[in-house]
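# A closer look at the structure
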Amino acid sequence: MDGQQQEYREAQRHRFEASKAVAEAAAIHAPPTTPGMQAMAADPGGRGGGRQGVGGFRHTGARTGACAEALRRQLSSALGGCEQTAATLEVLRMPQLQHGLLQWALLDKLGGSWTAAVAATTLAASESWTSPLRKALSCVGEADVVPGADDLGGLDLDALLRCRSALEALLMSGGCSNWPVAVGFLCRLLPQEDSTSSLGFRVRLAVACALCYAEGATDPNMHDTPIDFVERYYCFGRAAKDGLLFAGFEMLTAWHLRYVVGSWHADGCLDWARRNVNNEVRHPDKVGEAARMVRYKDFNESGVSVQEGLRFYDGKKSTMPVIFSYGGVCGAVSKFGASACQAFGVPAMPVGQLGHCAMIWRAPGGEWTLENDNSGLSQSRMHDGIQRTWQELGTKSEEAGIISVMEQAQGMFSRYVHSEVIRWASRFVQNHSASLELLLEAVAACPFNLLAWSELLGQLARATAVAARMFVETLQTHVVAAESAMGSSPYDLSLMRPVRGSSDQDRAPNVVDGTSSEWFPASEEPQWLVIDLQRTCFVTSVRVQWWGDYGTKTDLRISSSHSEESQLTYRGRREVSADFNGWSDFTGWTEPTRILRLDLSNPQPDCLGCGKQYGLRQVKVMGRRCDSVEDGPGQEPKDLLARWIEGLFSTSRQADIQAQGFVRHIIDAEAWVLRTPTTSTQEDGCVIC
């Protein structure tokens with residue numbers, strides 16, 4: 001370690017000891033040494049009078065421009081001096097600070113639409129600092145959107161800001177396109193419930209209804225009058241109390257509940273479904289099959305095409321009884337099935353596929369299952385009008401695979417909350433290296449938190465040499481831990497790796513996307529695929545899934561090489577017929593391998609009449625990489641990140657496959673090449689090439 005870096009580390013150690021002393025003092029209720037901690041200690045429960053704020057944060061001035069700015073300053077005071085990750089994580093153990101970060105996150109999301117109104121408000125010395133925020137809510141959004149908009153100024157935002165379970169439910173539910181409207185709606189429901197409840201089923205239900213109301217989008221062709229989400233809130237509350245919903249409904253998170261109460265069919269239709277869904281599918285692990293109750297029909301009895309919209313239904317709205325009576329095609333089938341699930345408290349939604357509408361529903365255990373499926377999860381997108389999860393990710397939030405990733409985050413809810421708290425805290429530390437390391441800890445706390453990944457990789461792409469060097473040291477520790485947790489079990493080395501095909505190149509990557517999507521060339525010439533594992537590996541087996549009956553008629557040869565320049569070595573061929581959409585298995589070999597080639601011959605027309613001559617669904621190259629992270633210094637951050645991703649998402653679960661795909665996309669979207677700096681002379685230089 002050079003002298004300059006030694007001096008830097010020593011200074012950080014002293015700052016850490018100072019911050020640790022502050023945290024220990026706060027823990028034993030000694031007078032804190034920072035203004036932010038003084039505010040928290042002065043009112044630990046956040047229930048003081050006068051200018052005391054919520055959650056233990058004090059409004060610091062009688063005349064301030066914005067409540068969020070006041071809270072931001074106090075958070076900066078509490079966290080800004082913690083330049084080392086361990087110090088910040090120690091301070092973040094304080095419940096008051098965690099609560100304060102939740103409050104700040106909500107105020108920050110309300111954004112500029114209300115800050116102008118707050119800034120125009122002059123606070124009297126005796127006013128609570130949340131008072132102008134309550135007044136500001138009456139100034140945002142459309143006047144005819146929020147119920148009872150005339151007296152929105154009387155809403156008590158304190159109830160929401162004091163209720164940690166409500167804040168967690170609201171902020172961990174996938175985002176919202178209209179936060180002011182959602183908050184205004186939620187504040188009208190919370191006072192009627194026990195907002196201090198630690199379990200808070202009613203709070204989570206209220207949050208879900210508020211978010212659905214704020215999004216506003218439903219299909220008006222499926223109901224006669226707009227959905228009343230206040231009434232929906234009470235309807236599902238009564239249905240749960242009366243035992244009309246499947247067991248476990250009250251344990252769903254607010255995010256899950258969004259895809260229950262967000263049904264496009266009216267409450268009367270959901271009641272109809274509870275009475276009329278076939279008994280054989282009236283079970284948590286079968287209810288998605290209720291979609292099959294709808295007869296598949298292109299024309300009604302009068303010869304009107306389903307493509308003519310409501311004319312197919314003789315001008316009637318496409319309610320559940322009408323769809324059941326008339327039938328329909330993919331859209332009617334999937335929307336009926338989704339609402340049948342929702343009627344019994346099961347999260348579900350229609351999803352779009354190429355020229356088709358399918359549906360996805362949550363089976364027991366949290367596995368999201370496609371019904372009426374044509375293309376698989378990787379080729380599915382969120383249907384128009386369906387609420388997006390993690391809207392901050394832009395167009396990636398439109399991919400249906402994001403649902404299985406969020407499901408895992410919800411399944412480790414306390415870790416997800418902790419991850420978000422760390423992510424928000426990273427914005428208040430003053431040192432860039434410490435901020436990066438905090439974001440690394442946020443990902444480690446909940447690897448399925450895609451917002452933490454996005455923020456980490458975005459900052460890393462703009463890192464300085466010093467920050468990059470310290471980041472690599474910390475990342476190596478995480479990689480070792482992740483790879484140790486994997487044990488010696490083989491995993492899919494080919495997942496999301498580059499693939500070249502002799503033809504139909506756009507679909508060639510489908511064979512390594514972890515789903516049953518297809519690569520099916522129409523050419524009658526011999527075909528080939530080349531998979532680059534991007535590092536040398538030990539291959540224990542190769543598995544190939546066929547499309548249709550090609551596992552009985554296509555000749556397949558497999559060969560491999562140590563590198564792109566090395567000569568290929570023959571490894572085996574298909575000798576046994578596979579089942580329809582079945583698998584062919586090949587034994588591995590001992591030589592290190594990077595390149596795998598599949599050669600296909602004997603073209604035959606496909607059995608489905610699609611005009612294809614070959615067809616594969618998946619290729620899985622099972623094994624382990626040859627090297628380890630301890631093999632040598634100076635590994636590139638991008639390679640270390642790739643190893644960490646493999647370690648964190650090493651199973652064949654859809655959630656792991658989808659999460660790995662999303663994170664790799666974020667890395668590629670940043671379009672950077674980050675190299676480990678080797679000398680201290682690069683202290684101030686950017687390491688992006």
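This structure is a prediction, so every number in the text was calculated from the model and none was measured. (Residues numbered from 1 in each chain as written. Predicted model: local features only at pLDDT ≥ 70, side-chain atom pairs only at ≥ 80, totals over all residues. Heavy atoms only, no water.)

Turning our eyes to something else, we now look at the overall build of the protein chain. Broken down by element type, the protein chain carries 23 helices and 12 strands. Considering the protein chain as a whole, with its 689 residues, one finds that 57% of them fall into the buried category. Considering only contacts in the protein chain between residues 6 or more positions apart, those separated by 24 or more positions represent 71%. Carbon and sulfur atoms provide 49% of the accessible area of the protein chain, an area that totals close to 27700 Å². (Helix = DSSP H or I, 4+ residues; strand = E, 2+ residues; numbered from the N terminus. Buried < 20%, exposed > 50% of the residue type's maximum accessible area, 1.4 Å probe, protein only. Contact = heavy atoms within 4.5 Å. Areas by Shrake-Rupley, 256 points an atom, 1.4 Å probe, with all protein chains shown as cover.)

On to the pattern of salt bridges. One pass over the structure, following the stated rule, counts 33 salt bridges. Arginine 311 serves as the salt-bridge partner of glutamate 308, at 2.1 Å between the closest nitrogen and oxygen. Residue classification places glutamate 308 among the partly exposed residues on the basis of a relative accessible area of 39%. The salt bridge partner of glutamate 399 is lysine 396, with a shortest N-O separation of 2.6 Å. With relative accessibility at 14%, the residue lysine 396 sits in the buried group. Each of Arg497, Arg535, Arg625, Asp639 and Glu646 takes part in a single network of salt bridges with overlapping partners. (Salt bridge = Lys/Arg side-chain N within 4 Å of Asp/Glu carboxyl O.)

Most peptide bonds adopt trans geometry, and most residues besides glycine take a negative phi value. Positioned with a positive phi, aspartate 314 is a non-glycine residue whose angle comes to about 55°. Structurally, aspartate 314 is set in the loop between helix 14 (267–276) and helix 15 (320–326). Looking at aspartate 314, the relative accessible area reads 48%, which means it is partly exposed. Phi is positive for aspartate 504, which is not a glycine, with a value near 50°. You can see aspartate 504 is positioned in the loop between strand 6 (499–501) and strand 7 (527–546).

Let us look at the environment of arginine 258. You can see arginine 258 is positioned in helix 13 (residues 254–261). Given a relative accessible area of 1%, arginine 258 falls into the buried group. Between the C-alpha atoms of arginine 258 and arginine 204, which are 54 residues apart in sequence, the distance is 9.4 Å. Those residues within four positions of arginine 258 in sequence are excluded, and the remaining contacts are Ser173, Gly174, Gly175, Ala208, Leu211, Cys212, Glu215 and Gln387. Within the structure, the side chain of arginine 258 is placed 2.7 Å from the side chain of glutamine 387, a separation counted as a polar contact. (Polar contact = N/O pair within 3.5 Å; in protein donor to acceptor, adjacent residues only side chain to side chain.)

Quick look at the sheet that holds strand 4 (residues 381–382) now. Sheet strands line up and pair through hydrogen bonds in the backbone, either parallel or antiparallel. Reading across the sheet, the four strands line up as 3-2-1-4 and stay open at both edges, with antiparallel pairing between neighbours. Only two strands of the sheet have a single neighbouring strand rather than two, namely strand 3 (368–371) and strand 4. Across the sheet, helix 16 (residues 330–343) is in contact with strand 1 (348–353) and strand 2 (356–362); its angle to strand 2 comes to roughly 15°. (Pairing = 2+ DSSP bridges. Axes fitted to C-alpha atoms, helices over the stretch in contact; angles between N-to-C directions.)

Among the 10 residues of helix 17 (residues 402–411), eight are classified as buried, and the element is accordingly described as predominantly covered. If you check which residues of helix 17 are buried, you get Ile402, Ile403, Ser404, Val405, Met406, Glu407, Ala409 and Gln410.

If you check helix 22 (residues 637–648), its first and last C-alpha atoms are 16 Å apart, about what 12 residues at 1.5 Å a residue would give, namely 16 Å. When you tally the buried positions in helix 22, you get nine out of 12 residues, the bulk of the element. If you check which residues of helix 22 are buried, you get Pro637, Leu640, Leu641, Ala642, Arg643, Trp644, Ile645, Glu646 and Gly647. (Expected span 1.5 Å × (residues − 1).)

With that settled, the discussion passes to the packing of helix 13 against helix 17. Put simply, helix 13 and helix 17 touch, their axes get as near as 10 Å, and they point 135° apart. Compared by their axis directions, helix 13 and helix 17 come out oblique. In contact with Trp255, His256 and Tyr259 of helix 13, helix 17 contributes Ile403, Met406, Glu407 and Gln410. Looking at side-chain class alone, the contact of helix 13 with helix 17 contains four nonpolar, two polar and one charged residues. (Parallel < 35°, antiparallel > 145°, perpendicular 65-115°, else oblique. Nonpolar A, V, L, I, M, F, W, Y, C, P; charged D, E, K, R; others polar.)

Take the state of the cysteines next. Enumeration according to the criterion identifies zero disulfides in this entry. Free cysteine: cysteine 176, not disulfide-bonded; nearest cysteine sulfur from cysteine 212 at 9.6 Å. (Disulfide = S-S within 2.5 Å.)

What follows deals with the side chain of histidine 99. Summarising the element assignment, histidine 99 is placed in helix 5 (residues 95–110). Judged by its relative accessible area of 11%, histidine 99 is buried. Only 2.9 Å separates the side chain of histidine 99 from the backbone oxygen of leucine 161, close enough to count as a polar contact.

As a further point, take the packing of helix 9 (residues 164–171) against helix 11 (residues 201–215). Two numbers describe a pair of packed helices, the interaxial angle and the distance between the axes. Where helix 9 meets helix 11, the axes come as close as 9 Å, and the angle between the chain directions of the two elements is 40°. Taken together, helix 9 and helix 11 sit at an angle that is classed as oblique. Considering the relative orientation of helix 9 and helix 11, their crossing is right-handed. For the pair helix 9 and helix 11, the contacting residues are Ala166, Ala169 and Leu170 in the first and Val203, Arg204, Val207 and Leu211 in the second. Residues of the contact of helix 9 with helix 11, tallied by class, amount to six nonpolar, no polar and one charged. (Left-handed = near helix turned anticlockwise from the far one by under 90°.)

As a further point, take the confidence of the model for the protein chain. Mean pLDDT over the protein chain: 80, with 77% of residues reaching 70 or higher. Considering only residues more than four positions removed or in separate chains, one finds that residues 18–66, a stretch of pLDDT under 50, has 98 contacts. Note on residues 675–689: pLDDT is under 50 here. Beyond four places in sequence and across chains, it has 39 contacts. (pLDDT = per-residue confidence, 0-100.)

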